[in-house]
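Structural features, examined
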Amino acid sequence: MISRHRFTLDDYLRWRRPFEIGLWAVSYVLSMLFNSVTAQIDHPALPAWQPWCWECSSSLLLLALVPVVIAVERRWPLRVSAWRQTLPLHLMASVLFSLAHVGGMVALRKLCYAYAGSHYDFGPWWRNFGYEYLKDVRSYFGIIATVWLYRLALLRLQGEARLLAAPDAGPPVEPIERPERFLVRKLGKEFLVNACEIEWLQASGNYVNLHVRGRDYPLRATMATIENRLDPTRFVRVHRSYFVNLDYLAEIEPLDTGDARLQLRDGAKIPCSRRYRAALRDRFGEAPITPARVAPVA
């Protein structure tokens, strides 16, 4: 009897990046096709290739700018608690977004028209740019809204970690400043993860991913914040984006660049920058790992 593999969240997470890229590409290609057909119907007197040139140039530029908008949102996340500080930044970013979109779009159209032996005229720049900006600002915040909804759905499926809060009354059961456990909420259920079970941590945008037994649980925090909450006898920073639990460190491989590559017991490989390599070497003597299993650090 042949057993069929059931597609799981872990399978999706392994292919997450190609899926995300493909989803954006498919959505903009479909939008381009529908808009091109509509523009051709609205302008029956024009050669058929011109409406397609308009819509293709616009969609290609918007698709190219999606990673830029996502990067800006990660750098200055729009939060309810800090919208007065971040909203003006995003409004300014939306103007730059529109300038890049319109400028690139016009350049592509001029090339396309020149290839066809014609001339493309965008018209009065500022008046037409104002018209395009009214559409682009909606596209800009639409991208951010899509990213929010996607992250919310993924966090619900994957699980999200939280620090235990202080009780409303009475002393806390365990230290709040240096937690021994993290609360994980997943699909409406909650469970606790011991801090000592966290194998490594990685910064990811507005989150720090806690890697526990092959799963990543995002914790809404910065690396600087979480560093003060981790047990310094167990966790050590090895990169601006990584912490490792010395209990799970299996091998240190020096690199010619002065950096190092760390291999953990689960087979994961973590970069170690030269800035933190000396500190890791000094701390290694305190780690509960058999020295024979670790490559020498020069």
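Above: the structure in question.
How each quantity is defined
Residues numbered from 1 in each chain as written. Predicted model: local features only at pLDDT ≥ 70, side-chain atom pairs only at ≥ 80, totals over all residues. Heavy atoms only, no water. Helix = DSSP H or I, 4+ residues; strand = E, 2+ residues; numbered from the N terminus. Expected span 1.5 Å × (residues − 1). Bend = angle between axes of the 7 residues up to and from the residue. Axes fitted to C-alpha atoms, helices over the stretch in contact; angles between N-to-C directions. Left-handed = near helix turned anticlockwise from the far one by under 90°. Contact = heavy atoms within 4.5 Å. Nonpolar A, V, L, I, M, F, W, Y, C, P; charged D, E, K, R; others polar. Pairing = 2+ DSSP bridges. Buried < 20%, exposed > 50% of the residue type's maximum accessible area, 1.4 Å probe, protein only. Polar contact = N/O pair within 3.5 Å; in protein donor to acceptor, adjacent residues only side chain to side chain.

Our next topic: helix α5 (residues 125–158). In this model α5 runs 47 Å from its N-terminal to its C-terminal C-alpha over 34 residues, within 8% of the 50 Å that 1.5 Å per residue would give. The largest bend in α5 is about 25°, located at Tyr-133. One or two positions beyond α5, positive phi appears at Gly-159, with a value near 105°.

So, about the packing of helix α3 (residues 49–75) against α5. With their axes 10 Å apart at the nearest point, α3 and α5 run at an angle of 65° to one another. Pair α3 / α5 crosses with right-handed handedness. Note on element contacts: α5 touches α3 through Asp-136, Ser-139, Tyr-140, Ile-143, Ile-144, Val-147, Trp-148 and Arg-151, opposite Leu-62, Val-66, Val-69, Ile-70, Val-72, Glu-73 and Arg-74. Tallied by class, the residues present in the contact of α3 with α5 amount to ten nonpolar, one polar and four charged.

This part is about the sheet that holds strand β10 (residues 260–264). Taking strand neighbours across the sheet as the criterion, the three strands line up as β9-β10-β11 in an open arrangement whose pairing is antiparallel. Unpaired on one side and paired on the other, β9 (249–254) and β11 (269–272) mark the two borders of the sheet. On average, each strand axis in the sheet is inclined to that of its neighbour by 25°, with strand direction left out of account. Relative to β10, β9 runs antiparallel, the two sharing five bridges. Among the inter-strand pairings, Ile-252 is bridged to a residue of β10, identified as Leu-262.

Moving on to helix α2 (residues 16–42). The end-to-end C-alpha separation of α2 is 39 Å, in line with the 39 Å expected for 27 residues at 1.5 Å each. Considered for burial, the residues of α2 that qualify are Glu-20, Trp-24, Tyr-28, Met-32, Ser-36 and Ala-39.

A few words on the side chain of Ser-57. Position of Ser-57 among the secondary structure elements: in helix α3. The buried category is assigned to Ser-57, whose relative accessible area is 4%. Of note is the side chain of Ser-57, whose polar atom sits 2.9 Å from the backbone oxygen of Cys-53. A polar contact of 2.9 Å, which involves the side chain of Ser-57, links it to the side chain of Arg-109. When residues no more than four places from it in sequence are discounted, the contact partners of Ser-57 are Met-105, Leu-108 and Arg-109.

Function cannot be read off these values alone, since they describe shape.
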